[in-house]
Amino acid sequence: MGRSPFAADLIAVGLFAAVVLTMPVWIVWIGGYEALATKIVIWAVFALGFDILLGFTGYLSFGHAAFFGTAAYTTGLCLKHLSADILPAFFITGGVSLVVAFVIGLLTLRRSGIYFSILTLAFAEMLHAAALSILQAYTGGDNGLTMHTKPELLGIRMEGLNVFYLAAIVAILGFFAARQIKRSPFGLMLRAIKENAMRLEYTGVNVWAYKMAAYMISAMYASLAGFLMVVLEPYVATKFLHWSTSGEVVIMSVIGGVNTLIGPMIGAAFMLYFENVIQAFIGEQWRLVLGLVFVLIVIFLPGGFVDGFNRIRRAVGLGGRERHHNVPDAPAPVRENRGDRAARQPGE
Amino acid sequence: MPGKLIIPAATRRRILKTGTALGGLALAPLGFVRGAWAEEGPLGTFPVKGDTVKFGFCVPQTGAYADEGADELRAYQLAVKHLNEGGGVLETLKPSKLTGQGVLGKKVDYVTGDTQTNPDAARTAAQRMIERDGVIMFSGGSSSAVAIAQQYLAQEKSVVFMCALTHSNDTTGKDRRRYGFRHFFNAYMSGVALGPILAEDYGKDRRAYHLTADYTWGHTQYDSMKQATEKQGWTTVNNIMTPLGSTDYSQFLTAVLNSDADVLVLNHYGKDMVNSLTQASQFGMRDIDKNGKKMQIVVPLYSELMAKGAGDNIEGVLGTANFNEKLDDAGSQAFIKTFTDEYGFPPSQAAHTAYVQTLLYANACETAGTFYPPEVIKALEGFECEGIGPGKALYRAEDHQNFHDILVVKGKAPSERKDQYDLLEIVKHVPRAEIEYPADTFPGELGPYKPA
Amino acid sequence: MSGSLVNALTLQVITGLQLGAIYALIALGLTLIFGTLGVVNFAHGALYILASYAAVLVAGHTNFVLAVVLVPVFLFLVGIVMERGLIRFFYDRPHTDQILVTFGLAIVIQEALKWAFGANNIPFPLPPWGNGVVFLHEYLPFLEGFVVFPKWRLILVGVSLLVVVGLFLLLQFTTFGLTVRAGMREPDMMRFLGVDVTKRFAVVFGLGALIAGVAGVFGGPITQVSPEVGMAILVPSFLVVVIGGMGSLPGALVAALILGLALSFSAEYAAVQQIVVYLIAVVVLLVRPRGLMGKKGVFE
Amino acid sequence: MSSDAYFRCEDVHAWYGESYIVQGVSFAVQEKEIVALLGRNGAGKTSLLRTIARAHQPALKGGRIWLDGQPLHDMAAHEAARAGVGLVPEDRRIIPGLTVEENLIVAQVAPPVGWPLERLYEHFPKLAERRRQEATTLSGGEQQMLAVARALARELKLFLLDEPYEGLAPQIVREIEGILMQVKAIGITTIIVEQNAIAALELADRAVIVDMGEIAYDGPAEEVMQNAELRQEYLAI
Amino acid sequence: MNKGEPLLEVRGVSKRFGGLQALKDVDFSVAEGSIHAIIGPNGAGKSTFLNVLIGLIEPDQGSVTFAGEPIRGLKPYKIIQRGIARVFQTPQIFPGMSLLQNVAIAAVAKRDGQFNTKVLESLGPRHPIVDEAGDLLARVGLGDYLHAAAEHLSRGDKRRLELAVCLVAHPRLLLLDEPTAGMARHDTNRTIDLLKEISETGMTKVVIEHDMHVVFSLAERITVLAQGQVIATGRPEEIRGNPRVQEAYLGGAHAA
């Protein structure tokens, strides 16, 4: 711990900020466009928050779309019916997301492993089904929810680069915050959950409270992303709640590198760039190619792009950690070890 | 004066390029262009720079409607070819200002995008075309949800959107937009066209059970069919909103069997329709008697590709269509012939509407003498023409719905088919006059020509 | 009880059985592979639809009976190749990695099928002997009047039942079954006893794929044959596995039945149907942490 | 390299992941000889046994292992078992979900088959009584009996016993000891690893002491019992 | 509370698992500052008993009092926060983290209680918590591997690490479940020395142990459990001479 002194940290965040803030410029050079840069940054926020849950605590949520989508709908409804200014929408969305995250967390965090994943998926899918059917009057069903006026922030129209810089600032602050969490006493506890939840509980720590905190923080990142998405485009699609949105953020994290913070964001950039730019060169079979790329990464590059980067560093003799798996298995549940004989260990 | 240029929102994109230290210089020539058309300031992707003009074709390349999308894309490519080189419907369209040498002296180029049959992806693709490729018009879609989402985007970005496959009343009803135009017919017209024929063929004392895809098009299709059939004396027993994209309809079909209904109306499109029709037929609904009458199935909106998917189950099933490859008027023939020559098989109605929309837009530009969107929109509004299909076609100014003759069709028995494309027979040409309705039937606002 | 109510209930129950039957077949393969190899195969739905496409091809060129024989065999081979070529490298990696790689494989299979056959449905005509409806009232005297059900769907229920019984007999009463059951629990010890469990695991994976093959042949005409069906069927099937308890064969059957009946009885309130399905999953998992019949410590 | 010894390890190196566990061990066992493999905890005894049985872990990364002229080093675990290696692992590994009898039957799925069930039941009457019972419901001592019986159900050339007395109460230890004495009387070549060195030495003809993954002593069992220095240094008894 | 007064008081605890009576009417008390061993044959209920103490298992009846306050029914982490720590039979550590982090986690838990929200604080190299963790690791003999991942330690070292994780919280009562299981005499002696050393700080300890050598060289009092019941409690020499204990447990020739 504490291997990176403050100065190195400043450089890391500074570099990150520089890359992000200039994105509208350089993304054009590689065939992108401004709105894509904004989308990339927004998804990066989503993926970053996801890593706080998955990377730190090891809990794999298949239902993070619930927060992304709920926030998007809340923001959309606020902008449509309340005020075109995004500030009230921001606070209301924050409040609603906290409540939703707390309620879903309360029910899903009682389980771990695949059961947690399935429960989160189930809640997100219920919300999705509700948005498509019984809540159609409010959500617009499959048509999505369209706002007729451009959102504003204190009289400034939120469009184009304004939205980009708003999102970029959120991303940079979010990145800084995630790094700070990682090295704080609080973050130490979160990471200990993945390592050995049982030991943590028998060290006198309220594991459940930390899990809940990580879950809520992660959900708030997702909500922020959902909020920004609607500020970028005054439109909410039911897809925001669909499991494929949850799946996408998982894929982003995996191909970027779980538990690296920067990895999932790189994954987000790659996915969106592929889907919007490279796609045009491949044509109709782009999904096939993307599927193959994904499979190859899972097989040969278990730690994602960050792992690839580290391998190159190791190859040239600079060191770097090796990874043997994409996503760690979820933490052992706390109340499992009831038998008189503890779990078996290989070897002597 | 460049200072004024910074204010309009639409130029923001370029101005922001100043950050790149490139844009500042790029602004200067814009000033001159603007001087040329005093009131036609930059708007959306206007003005068009260079000697080519780009159209964006946004079709489903993946997802449930990918085959329709592929056919649309073929039609778009054919339309671009005809616009640049002449031929096809250019020779039958009247009145026409199209020259066969591009549009307004510029050669037509195009970019494509994948809507994935998903409103969100469709908007993303369209946005890319507008932002990166600077398309002056975009077209496509094969789901009403996608079309409506794109129409809103069109209004937001001040870029004209020519809807292709969308049949929901909402597209030119409550969700109508100034920048969106629809040539395809809608659910209301299907109901009006189908109602009398259903009563004629199946009798006036029928009890109908509806299964409806749970989204905008399904809802308006159900409303329209309910209204049209009840007008003929039918009773509506029940309606189940089925989740979009269901694969197994047996639980719903069981409910239909349990009821006393003797007609099943499938307000489904695409795969949903193929699935529900095939399964209804497996449930014996085309062979059993109910209330002493032979049970019947109705599919309000038919398409060739759906008919292909449903195989033999379409035999005798009635529905409506916008176009059929056996139409023999000059316009249809010109299109069918050039399309078949190019690709080796006849076009679908999706291809037809995509093709026609591209030509109508280009013609409007020529008529207006500019690509300036408000002028092009005005040229399209109230434009009446012939030679793109049977009869005369009118773009109604109030809601941007095109009115023309439509068809009632019936699935052919396998024994009657001449080849693998010969799936539907035309039962009736429904003249435009029969299906016209007042513009205020569905309330909606088109919105402004120029953003405030 | 009035006659029409009896009729309605009977039909709903049969529909529930039939809906459950297809989930059961897929879930059976999933849970068998999970229980023996500890691998979560998210490509199982893709195997199902692969089988459907294969069945259309074979049945189209020859006849349906040949498809019934050949397609499961083909899928068995596909399963073996998949296990030997890919899955076995993932035994030592976390479950999540297995999910990711098989999920990726599912995408690849789906997109490849789309490439080869197009995105739309391709028709899967029923064989003449499977066409038409069965007059249930002729067999069930308590039904009143005229009650029919598609013959093919009853055949599907029958086939599912046969597969379940066959699998049970195979696992419970054969030496192969004994070694597989033993290998599920103590693979290392089985190796020390001279049994090449790895080889048998490949066979088990093939067996799981074979069941998906049977499901694909008989279920294809019902779920339709289009590339996305694989993913569409996987999600509820996986839900069935989880509700039943990971690795539990009887659990999968019970859960499939519950889900089928829930779908069937909520049909007229389709708006809440999807919610009901997930609600069942949530309630079961909150009340019984490892599913209905799950074993302790499996997959946590 | 051929050898006159019945069983022979030549410069065996094995790794557990990144840890170097067995570091160049060589020793030989004559036919029908019983060897006690001793050493401190963590000395690599269990790892050496598992290496001989060709377990997946630890991985053999160098050296040769010969049994009756057969190259075990070229084999996988199941091949070694078919070549006549029988391992009773540390925690017995009774297969859950199977009855006592099924636990014995699975041992005879692969050739070569050893004692038939009747003979096993003769020697282990307690198991015969409980043949229909689920094996994991047996007591610790009975499970150990089952583990030994299961090994004998196969035709053995080399019997590997890992900590047969571990975790058993003293009376049960005596009972298992009796069984192993019977096995000794049959004359099966055996390597036994045991914490309880005294008990192991009582059974063994010869002792091999492993320390830090290497052989520290190889000689008659009695000598270890008598040599206090040796015991203190390597066995701490 | 003075030395000699009971720190932990258990009265009439019973627990049944299905048909198995794991604990039956167990009375148990430990004086502050003493070392108390629990012995008994396999399956006697020793580990179950420890699990009851830290709230992992809820007994069917009986009371558990720690430092004069009832703790039965409390959540495990709350019990731990009152000053109890437990070393498990299989070392329970945080495998993927460094030794420093392992101990720092427990140090934070001690300092901040069951939950903290200190996100602004950075655990840098010269942070007091990190220093404290480093010192303690040096004391248990792991000072050379502060930054190594815990999973790479040998089993004996893992147990030492776990001990450090427990000790950094300065518990009043330390529960040890077979701390020398599977260890050779050499390692066992080092562990005994370590335990003796920490007992000089007045920490109360309850030890489950099979190894009579350890038990008799360490414990001040011994409780013998058999089939879930206490069959004897007393000083080591009393236990050694108790015929019931001999019969139930020590009878074997190889036991010592």
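Computed from a predicted model, the values in this text were never measured in an experiment. (Residues numbered from 1 in each chain as written. Chains lettered and ligands numbered in written order. Predicted model: local features only at pLDDT ≥ 70, side-chain atom pairs only at ≥ 80, totals over all residues. Heavy atoms only, no water.)

Caption draft 1: Quick peek at the overall build of chain B. Per the secondary structure count, chain B includes 15 helices and 17 strands. Taking 22 Å as the expected radius of gyration for a compact globule of 452 residues, we find that chain B reaches 23 Å, a close match to that expectation. Across its three principal axes, chain B shows a C-alpha extent of roughly 80 × 40 × 35 Å. Nonlocal contacts in chain B, meaning residues at least 24 apart in sequence, comprise 71% of its contacts between residues at least 6 apart. Element-wise, carbon and sulfur atoms account for 52% of the exposed surface of chain B, whose accessible area totals about 14500 Å². The positive charge centre, built from 46 side chains, and the negative charge centre, built from 53, are 6 Å apart in chain B. (Helix = DSSP H or I, 4+ residues; strand = E, 2+ residues; numbered from the N terminus. Rg over C-alpha atoms; globule rule 2.2 N^0.38 Å. Contact = heavy atoms within 4.5 Å. Areas by Shrake-Rupley, 256 points an atom, 1.4 Å probe, with all protein chains shown as cover. Lys, Arg positive; Asp, Glu negative; His and termini not counted. Charge placed at Lys NZ, Arg CZ, Asp CG, Glu CD.)

Caption draft 2: Structural view of helix α4 (residues 95–117) of chain C. Residue and element names in this part refer to chain C. Under the 1.5 Å per step criterion, the end-to-end length of α4 is 32 Å for 23 residues, consistent within 8% with the ideal 33 Å. With respect to burial, α4 is a largely interior element, 19 of its 23 residues being buried. In the segment just after α4, G118 is the residue with positive phi, at about 85°. (Expected span 1.5 Å × (residues − 1). Buried < 20%, exposed > 50% of the residue type's maximum accessible area, 1.4 Å probe, protein only.)

Caption draft 3: Quick peek at the arrangement of the chains. Where the seven pairs of chains in contact are concerned, the greatest contact count is recorded for chains A and E. In this structure chain B stays clear of chain E, and the shortest span between their C-alpha atoms is 35 Å. There is a gap between chain C and chain E: no contact, and a shortest C-alpha distance of 15 Å.

Caption draft 4: Quick peek at the interface of chain A and chain C. Of the residues lining the interface, 42 residues belong to chain A; the matching set on chain C comes to 40 residues. Interface of chain A and chain C: buried area, both sides summed, is about 3700 Å²; carbon and sulfur atoms make up 75% of it. Taken together, the links from chain A to chain C amount to five residue pairs in polar contact (both at pLDDT 80 or more). Listed by contribution, the elements that provide at least two residues to the side of chain A that touches chain C are α6 (113–132), α11 (243–256) and α13 (286–300) of chain A. The dominant element in the side of chain A that touches chain C, judged by the number of residues it contributes, is α6 of chain A, at eleven residues. A class-by-class count of the residues in the side of chain A that touches chain C yields 27 nonpolar, eight polar and seven charged. (Buried area = accessible area lost by both parts, 1.4 Å probe. Polar contact = N/O pair within 3.5 Å; in protein donor to acceptor, adjacent residues only side chain to side chain. Nonpolar A, V, L, I, M, F, W, Y, C, P; charged D, E, K, R; others polar.)

Caption draft 5: Structural view of the environment of W152 of chain C. Residue and element names in this part refer to chain C. Its location among the elements puts W152 in helix α6 (residues 151–173). By relative accessible area, W152 is classed as buried at 1%. Along the chain, W152 and P127 lie 25 residues apart, while their C-alpha atoms are 9.4 Å from each other. Among all residues touching W152, those that are not within four sequence positions of it are F64, L126, P127, W129, G130, V217, F218, P221 and I222. Looking at W152, its side chain comes within polar contact range of the main-chain oxygen of F218, at 2.8 Å.

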